[in-house]
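# Structure at a glance
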Amino acid sequence: MWRSLSERFAVLDVTYFVRHKGEVNACAFSADCQHLLTASDDSRLFLWNAKTGALLCKVTGHAGPVKDCRFSPDCALFASASHDCTVRVWDTATAECVHVLEGHCKSVETVRFSPDARQLLSGGWDHMAILWDTQATGSWDCTVKVWSLRTDGDNTLEGHRGNVSCVCFSASGMLASGSWDKTVRVWNPCSGVLVFLLEGHSSWVKSVSFSRDGLLLATAGYSEMVKVWDCRTGKCIETLEVMLDQASSCIFSPDGALLVSGAAGHDEHQLQETKRETWRTVQGLNHPASIGKGNGQVPSEN
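Just so it is clear, the model here is predicted, and its values are computed rather than measured. (Residues numbered from 1 in each chain as written. Predicted model: local features only at pLDDT ≥ 70, side-chain atom pairs only at ≥ 80, totals over all residues. Heavy atoms only, no water.)

With respect to the helices and strands, the residue His20 is situated in the segment before strand E1 (24-29). Within the structure, His20 has its side chain in polar contact with the side chain of Thr38 (distance 2.8 Å). Polar side-chain contacts of His20 include one of 3.0 Å to the side chain of Asp42. Not counting residues within four places of it along the chain, the set of residues in contact with His20 comprises Thr38, Ser40, Asp42, Arg44, Leu45 and Phe46. (Helix = DSSP H or I, 4+ residues; strand = E, 2+ residues; numbered from the N terminus. Polar contact = N/O pair within 3.5 Å; in protein donor to acceptor, adjacent residues only side chain to side chain. Contact = heavy atoms within 4.5 Å.)

Below, the structure is given as structure tokens:
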């Protein structure tokens, strides 16, 4: 037990967990310290009571050695990475697999949840790190799928007439999707109801971003414009012209005060004059009320 910087570690007690049939590659405590998870070369994960050492469950499903494991911050889920090239997401209460994530072509060696448990990062021997959105995916089959981490079901949102190129959740739980059909659709992801169909881009939509309060939505079409929409009415309130060729991305700053866009232009002279497009959002009573055009410098609020 380590009490201060001036003290050394001291072994107070030892509990042995000896039931795996292969080398133990990783172990993880739950955030509440109630459970211990171990991953082994025997292709299994064991879930233990961390205080008593009692084996609660043997978790099977991987077809190769399990290299890493981690609990989600809320302890409701745990994830495992395996030599079988997959990442699996499990329900802690039932030990049932709720998702099999395929994308790596060699052994997956490590896996981590984001602090809000909405994303999962995995790394493998294929020299790739893959960031998984554990709740929503867009596809070239023109659909959006909303996945539940706690059940084995999904909700398919249909309506786009082109490949779905980007998706984004708002803080209030709304889901926006951009498509090659030049439209943005705003959904209620739980019911699957289409809230708004946003039209106005002249080319395919490459990026979507909600403001922190969820009242504004910025969208970047693969053209020289970024549009800002009022999420209460579905109306476009600003069209911002991009200086560096086609807009490839857009995002609000975490505090909601700035909107930044990235462009596809790479002319050296242009890049020396302006590195990025930045707009300052003028704060109203509840949300940014107006947006001014930038020229590489943040304009004043006057």
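The rest of the description comes next.
Another aspect to go through is the UniProt feature "repeat: WD" (unreviewed entry) in the protein chain. Per the UniProt record, the feature "repeat: WD" (unreviewed entry) sits at residues 17-58, 59-100, 101-133, 157-188 and 198-239. A distance of 10 Å separates the end C-alpha atoms of residues 157-188, which is 0% helix and 59% strand. (UniProt positions renumbered as here; feature names shortened; annotations may be inferred.)

Turning our eyes to something else, we now look at the pattern of salt bridges. Per the stated rule, a full pass over the model turns up four salt bridges. With a shortest N-O distance of 3.6 Å, Arg44 and Asp42 are connected by a salt bridge. Exposure class is identical for Arg44 and Asp42. Each is buried. Between Asp68 and Arg112 there is a salt bridge, with the nearest N and O atoms lying 2.8 Å from each other. In this pair, Asp68 is assigned in strand E5 (residues 66-71) and Arg112 in strand E9 (residues 108-113), connecting sequence segments 44 residues apart. Arg112 sits in the partly exposed class, given a relative accessible area of 36%. Within the structure, one salt-bridge network assembled from shared partners comprises Asp68, Arg70 and Arg112. (Salt bridge = Lys/Arg side-chain N within 4 Å of Asp/Glu carboxyl O. Buried < 20%, exposed > 50% of the residue type's maximum accessible area, 1.4 Å probe, protein only.)

Under the definition given, this model contains four aromatic pairs. Judged by centre distance (5.8 Å) and plane angle (65°), the rings of Phe46 and Trp48 are edge-to-face. Note on accessibility: Phe46 and Trp48 belong to one class, buried. Aromatic pair Phe78 and Trp90: ring centres 6.0 Å apart, planes at 15°, arrangement stacked. One end of the pair, Phe78, is in strand E6 (residues 77-82); the other, Trp90, is in strand E7 (residues 86-91), and 12 residues separate them in sequence. (Phe/Tyr/Trp six-rings, centres within 6.5 Å; stacked < 30°, edge-to-face > 60°.)

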